[in-house]
Amino acid sequence: MRGTRPPRNPLEPIASAVGCLAGLTVIFLLLSLLVHQAAWGNGPVCTSVPADGMPMKIFRAAVDGQVRGSQATIGTVNLCVNHPGTLLRFAGLLATWPSGILWLGFLLQVLGLLRIASRPGGLYTLTTAARVRRLGWFLTIGALAAGVIQTVANVTIFLSQIHYPGLDWFEPDQLHLSAAALLAGLALITVARVMRVGVTMREELDVTV
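Numbering of residues begins from 1 in every chain and follows the order in which that chain's sequence is written. Owing to the predicted nature of the model, reporting of local features is limited to residues with pLDDT of at least 70; listing and counting of side-chain atom pairs is limited to 80 or more, with chain, interface and lining totals taken over all residues. Side-chain numbers come from the whole structure's heavy atoms, not from hydrogens or water.

**A short note on the pairing of strand 4 (residues 76-81)**
Next, step 1: Residues Val77, Leu79 and Val81 of strand 4 are buried on one face, while the alternating residues Thr76, Asn78 and Cys80, pointing to the opposite face, are not.
Next, step 2: Strands are treated as partners if at least two bridges between them are detected by DSSP. A run of H or I in DSSP becomes a helix once it reaches four residues, and a run of E becomes a strand once it reaches two; helices and strands are each numbered from the N terminus. Pairing analysis gives six bridges linking strand 1 (residues 45-50) to strand 4, with the strands arranged antiparallel. Bridge pairing links Cys46 to Cys80 in strand 4. Note on classification: 1.4 Å probe, protein chains only; a residue is buried when its accessible area is under 20% of the maximum for its type, exposed when over 50%, partly exposed between these limits.

Spelled out as structure tokens, the structure:
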């Protein structure tokens, strides 16, 4: 007699993919502590601003093969401190790491949600709806917090390098707020409410029948 196959997880392959992404994110964050690079906050501390908002004497560029009558300009200026002190080093970490931590936290929250939803009858329950709601609030509040932290950090780095009378203290490129993450979090909160209403109606219908 042939053995029966165990029921297949209906949430695959997304469950395995999220688990792999979470593991890779942890490895990436750990490796970033060993490799000195500005993009990870442990190398030169940098921020970027648009060139047209800076008091620069030269901001035009020449491009090979450029036709007559065309104009090229330098769009972004990177301001870097090669040997930052403790405060700037901390600001450099805060300018880059919050997004990675938010991403890792999101993946871990999704893993917990998928684990509960994969149980028999666990997909259409109030518990799953509550976890979706918690995931939505985590993403919404986390996106706002990460945006504020990274923006303040970039402004701090900017002000530490530029002292020019009349120069604005804030440049739009220093704003780091993920509108996609914010909208995704609000969408998950809405989905959780719809799920909760649907589960309640289903339970009431089962009682009636």
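So that's the structure; there's more coming.
**A few points about the packing of helix 2 (residues 86-117) against helix 3 (residues 126-161)**
Next, step 1: Where helix 2 meets helix 3, the axes come as close as 8 Å, and the angle between the chain directions of the two elements is 170 degrees. Taken together, the axes of helix 2 and helix 3 lie roughly antiparallel to each other.
Next, step 2: Its residues assigned to classes, the contact of helix 2 with helix 3 shows 20 nonpolar, 13 polar and two charged. Under this scheme, a helix contributes an axis fitted over its contacting stretch, all axes are lines through C-alpha atoms, and angles between N-to-C directions fall in the 0 to 180 degree range. Any angle that falls under 35 degrees is termed roughly parallel, while one over 145 is termed roughly antiparallel, one within 65 to 115 roughly perpendicular, and all others oblique. By the convention adopted, Pro, Cys, Tyr, Trp, Phe, Met, Ile, Leu, Val and Ala count as nonpolar, Lys, Arg, Asp and Glu as charged, and the other residues, Gly among them, as polar.

**Some points on the state of the cysteines**
Think of a disulfide as a covalent bridge from one cysteine sulfur atom to another cysteine sulfur atom.
Next, step 1: Count a disulfide wherever a pair of cysteine sulfur atoms falls within 2.5 Å. Scanning the model with the defined rule gives one disulfide in all.
Next, step 2: Residue Cys46 pairs covalently with Cys80 via a disulfide, S to S 1.9 Å. Between Cys46 and Cys80 the disulfide shows an S-S torsion of about 115 degrees. By sign, it is right-handed. One end of the pair, Cys46, is in strand 1; the other, Cys80, is in strand 4, and 34 residues separate them in sequence.

**Concerning the packing of aromatic side chains**
Next, step 1: Here a pair means two rings of Phe, Tyr or Trp (six-membered ring of Trp) with centres within 6.5 Å. Their orientation is stacked below 30 degrees between planes, edge-to-face above 60, and tilted elsewhere. For the structure shown, the criterion picks out one aromatic pair.
Next, step 2: Ring centres of Trp103 and Phe106 lie 6.0 Å apart, and the angle between their planes is 25 degrees; this geometry places the pair in the stacked category. Here the residue Trp103 and the residue Phe106 both occupy positions in helix 2, the gap between them amounting to three residues, near one helical turn.
Next, step 3: Residue Trp103 is classed as partly exposed on the basis of its relative accessible area, which comes to 41%.

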